Amino acid sequence: MDCQDWIDDFLATEPPRSKSLVVTIFGDSIVPHGGMVWLGSLIELLAPFGVNDRLLRTSVFRLAQEGWLGAQRDGRRSSYAITAPAMQRFVHAYRRIYAPLTHRWDGSWTLVINGDGALNAAERSALRKELLWEGYGAIAPGIMGHPAAEAVVLDELLQRLGIAGKVFVVQGKALRQVCARPLTDLLASGWDLSEVAGAYRHFISRFAPLAAMLQHPAIKFTPEQAFVMRTLVIHAYRRVQLHDPQLPLELLPAPWPGSQAYELAREIYLAVQDAAEQHIDAALQKEDAAAPAAGAAYFERFGGLN
């Protein structure tokens, strides 16, 4: 089996949905190049995945309706860019994807408390949804918690929902002088990790053969094939990783398959990223000769690409 055989088999057995694939390509390939792409370049980037012109137009139209993309016209040409409100969420989400796993935990927990009636029903629902997406668990009625929360991310979330100042946010640790249950017991009631672990194992089973193939010195691939492989590994990893609550490794069952999945994604990404960037540059510059190369932040992915 060569790289194209692997690509064909993956697309036949686990074809990505076009709208979700567009999101992956924007986050992984377009954001590093400024976040804007002409429709002609986007059509070229999506073509090897079997996404035709009509399906792509439908996908970007829906993403624009949902506020993720903004469209502009220049004569008969159209361009799409991530909107300013969506860019912050893109950057945060993709920072999670490429960041090394958290190994150290200081024993503290962040709790978000909203049980005093300050929020209406719609605000409570929106807050719960966003906190669950950020990996928080339901500790008790009206209390969501996380052992490794980012204060900046939480503050941005509350500001975006328009509820800053309406909830209590506290950070605390277990009192050593009190004989009480360990706070690690909260994991069993607040998080069900079985589905995430299973999804990571499936990711490993699908992509480990590709990683082994890419290690073979005789294996060759084109820039377009490199781009497709890079996109598929990030698309599949993103789908699992964004459902991972991002708990500190000390609190996870060992061995945690997320650690192996991260290293596998990193290995494949590093093997193909140079050639993939050649394809991305060529596709973008066909429609815009001044399209920028990838910015410095791109090369910080997975702990450093150089």
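Residues numbered from 1 in each chain as written. Predicted model: local features only at pLDDT ≥ 70, side-chain atom pairs only at ≥ 80, totals over all residues. Heavy atoms only, no water.

By the naming in an unreviewed UniProt entry, the chain goes by Phenylacetic acid degradation operon negative regulatory protein PaaX and is assigned to Pseudoduganella danionis.

Asks: Is there a simple way to think about the pairing of strand 4 (residues 109–113) in this case?
Replies: Strand residues, when the strand is regular, have side chains that alternate between the two faces of the sheet. Looking at chain direction, strand 4 and strand 7 (residues 168–172) are connected through 5 bridges and run antiparallel. Considered in strand 7, the bridge of leucine 111 is made with valine 170. Bridging between strand 4 and strand 6 (residues 143–146) involves 4 bridges; their strand directions are antiparallel. Bridged to threonine 110 within strand 6 is histidine 146. (Pairing = 2+ DSSP bridges. Helix = DSSP H or I, 4+ residues; strand = E, 2+ residues; numbered from the N terminus.)

Asks: In this structure, what is going on with the UniProt feature "domain: Transcriptional repressor PaaX-like N-terminal" (unreviewed entry) in the chain? I would like to understand it.
Replies: In this structure's numbering, the residues bearing the UniProt feature "domain: Transcriptional repressor PaaX-like N-terminal" (unreviewed entry) are residues 17–84. Between the C-alpha atoms that bound residues 17–84 there is a distance of 25 Å. The span itself is 51% helix and 22% strand. (UniProt positions renumbered as here; feature names shortened; annotations may be inferred.)

Asks: Hey, could you run me through the sheet that holds strand 3 (residues 77–82) in this one?
Replies: What holds strands together in a sheet is hydrogen bonding between their backbones, with the strands either parallel or antiparallel. One open sheet holds the 3 strands; their spatial order is 1-3-2, and the pairing between them is antiparallel. Two strands lie at the open edges of the sheet, namely strand 1 (36–38) and strand 2 (69–74), each paired on one side alone. Here the average twist between neighbouring strands, direction ignored, is 25 degrees. In the sheet, strand 1 pairs with strand 3 via 3 bridges, with the strands oriented antiparallel. Bridge pairing in strand 3 places valine 37 opposite tyrosine 80. Across the face of the sheet, helix 2 (residues 18–30) comes into contact with strand 1, strand 2 and strand 3 while running at roughly 115 degrees to strand 1. (Axes fitted to C-alpha atoms, helices over the stretch in contact; angles between N-to-C directions. Contact = heavy atoms within 4.5 Å.)

Asks: Please clarify how helix 6 (residues 121–133) should be interpreted in this entry.
Replies: Given 3.6 residues per turn, any residue in an α-helix points the same way as the ones three and four places further on. Taking 1.5 Å per residue as the helical rise, helix 6 with its 13 residues ought to reach 18 Å, and the 19 Å between its terminal C-alpha atoms agrees with that figure. Tucked into the core, helix 6 has its buried residues touching helix 5 (84–98), strand 4, strand 6 and helix 7 (151–161). N-capping of helix 6 is provided by asparagine 120, with a side-chain oxygen placed 3.1 Å from the backbone N of alanine 122. Positive phi shows up at glycine 135, right after helix 6, with a value of about 95 degrees. (Expected span 1.5 Å × (residues − 1). Polar contact = N/O pair within 3.5 Å; in protein donor to acceptor, adjacent residues only side chain to side chain.)

Asks: Mind showing me how you'd approach the pattern of salt bridges here?
Replies: Side chains that differ in charge, positive against negative, can pair when their charged atoms come close. All chains considered together, the criterion is met by 12 salt bridges. Salt-bridge contacts for glutamate 44 lead to lysine 286; the nearest nitrogen and oxygen are separated by 3.4 Å. Placement of glutamate 44 in helix 3 (residues 39–46) and of lysine 286 in helix 11 (residues 257–287) is noted, with a sequence separation of 242 residues between them. When the shortest N-O distance is used, the salt bridge between arginine 160 and glutamate 130 registers 3.6 Å. In this pair, arginine 160 is assigned in helix 7 and glutamate 130 in helix 6, connecting sequence segments 30 residues apart. Of the residues examined, arginine 160 reaches a relative accessible area of 32% and is grouped as partly exposed. Given a relative accessible area of 11%, glutamate 130 falls into the buried group. A single network of salt bridges, built from pairs that share partners, joins Asp28, Arg230, Glu277 and Arg301. (Salt bridge = Lys/Arg side-chain N within 4 Å of Asp/Glu carboxyl O. Buried < 20%, exposed > 50% of the residue type's maximum accessible area, 1.4 Å probe, protein only.)

Asks: So what exactly am I meant to see when it comes to the UniProt feature "domain: Transcriptional repressor PaaX-like C-terminal" (unreviewed entry) in the chain here?
Replies: UniProt feature "domain: Transcriptional repressor PaaX-like C-terminal" (unreviewed entry): in the numbering of this structure it lies at residues 191–281. As a span, residues 191–281 carries 71% helix and 0% strand, and end to end its C-alpha atoms are 42 Å apart.

Asks: How should the sheet that holds strand 4 be read in this particular structure?
Replies: One open sheet holds the 4 strands; their spatial order is 5-6-4-7, and the pairing between them is antiparallel. Strands with a single pairing partner mark the edges of an open sheet, and in this sheet they are strand 5 (137–140) and strand 7. Sheet twist, expressed as the mean angle between neighbouring strand axes with direction ignored, is 30 degrees. Seen against the sheet, helix 6 touches strand 4, strand 5 and strand 6 and runs at an angle of roughly 15 degrees to strand 6.

Asks: Just checking my understanding: could you explain the nonpolar core for this structure?
Replies: As a rule of thumb, nonpolar side chains are buried together in soluble globular proteins. If you look at the biggest cluster of nonpolar residues, it comprises 77 residues, and the most contacted ones within it are Phe26, Leu46, Phe49, Phe203 and Phe207. With 12 residues, the single largest contributor to this core is helix 11. Ignoring sequence-local partners within four residues, the contact set of leucine 46 consists of Leu21, Val22, Ile25, Val51 and Leu56. Judged by nonpolar contacts, the second largest core, of 11 residues, contains Leu119, Leu131, Met144 and Leu157. (Core = buried A, V, L, I, M, F, W, Y, C linked by side-chain atoms within 4.5 Å.)

Asks: I tried to follow the environment of glutamate 66 on my own but got confused; where do I start?
Replies: Summarising the element assignment, glutamate 66 is placed in the loop between helix 4 (53–65) and strand 2. Residue glutamate 66 is classed as partly exposed on the basis of its relative accessible area, which comes to 45%. Remark: the alpha-carbon pair of glutamate 66 and alanine 86, spanning 20 residues in sequence, is separated by 9.9 Å.

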